[in-house]
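Results of the structural survey
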Amino acid sequence: MRPKNGTYDGGRRPYGIRARSRGLSGHAGAIVLLGLALSVAYAGCGGAVAPKRTRPRRQTIAFTSPSLVVGNGALRAAPTIPVRYTCDGSDTTPSFKWGPVPSNTVELALFMLKVNSSTPSTSGSVQVSVEWGVAGLPSNIHGFPAGKLPPGAITSRKRYSVCPAKGSAGTYVFQLSALAQRLGVAQGFDPAGLFSAVEGATVGAGNFTSTYKRA
């Protein structure tokens, strides 16, 4: 399966974006996260091992992007993504930085999700798609610079691109997941499938929202 969208439906979870609203600002952010878990079937791209569906206690990881901070070094609530990091610029990945991860972390994974609707429908659902993913990040690093993934990083088949339709705004969520087991994915893995698969192995997570409006 190659699902494009997840749906947060207040707990019913047909694909089930499961949301907790701590640490996020803005209507869409409050609906979508903390602790995203996209429950879709994973076909096993590249021989990945799907973790058991358990719910370990998770540590909150301080996670930010120096590329999106304001003058005093703070990350604004839902900051605007600079043009350089969008399709109107060079689509360069922003820099990322994070704090301590759980001691049993063996691998880190990073995901970018797009909130496709900022206003819930009458059913209370918000459409979210997994746009991009990076797996195989070493547990002993605490970030990487803009446009330069660390050695050993494994990227999904969808490349990083912030590119809402012209004249419209997009809301994006970046999530870092600390994993207690290795996933063994190959280059070009399915980001939506892996996002679902890592749920059972995630022992820590951090995320933030950002926005971009095209002219």
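Residues numbered from 1 in each chain as written. Predicted model: local features only at pLDDT ≥ 70, side-chain atom pairs only at ≥ 80, totals over all residues. Heavy atoms only, no water.

Here we take up the overall build of the protein. Looking only at helices and strands, one finds 2 helices and 10 strands in the protein. The N-to-C order of helical and strand elements in the protein reads β-α-β-β-β-β-β-β-β-β-α-β. For the protein, the proportion of its 215 residues judged to be buried stands at 50%. Of the contacts made within the protein by residues no fewer than 6 positions apart, 74% connect residues no fewer than 24 positions apart. Of the roughly 9500 Å² of accessible surface on the protein, 52% is carried by carbon and sulfur atoms. (Helix = DSSP H or I, 4+ residues; strand = E, 2+ residues; numbered from the N terminus. Buried < 20%, exposed > 50% of the residue type's maximum accessible area, 1.4 Å probe, protein only. Contact = heavy atoms within 4.5 Å. Areas by Shrake-Rupley, 256 points an atom, 1.4 Å probe, with all protein chains shown as cover.)

Of note, the phi angle at aspartate 91 is positive, near 55°, even though the residue is not glycine. Relative to the helices and strands, aspartate 91 is located in the loop between strand E3 (63-64) and strand E4 (96-98). The exposure class assigned to aspartate 91 is buried, which follows from its relative accessible area of 10%.

We now examine the packing of aromatic side chains. This structure, assessed with the given rule, holds 9 aromatic pairs. Between phenylalanine 111 and phenylalanine 195 the ring centres are 5.0 Å apart and the planes differ by 80°, which places this aromatic pair in the edge-to-face class. Pair noted here: phenylalanine 111 is in strand E5 (residues 107-115) and phenylalanine 195 is in helix H2 (residues 191-197), with a separation of 84 residues, a long-range link. Since its relative accessible area comes to 2%, phenylalanine 195 is described here as buried. Taken together, the ring pairs in this structure connect Phe63, Phe96, Trp98, Phe144, Phe174 and Phe208 into an aromatic cluster. (Phe/Tyr/Trp six-rings, centres within 6.5 Å; stacked < 30°, edge-to-face > 60°.)

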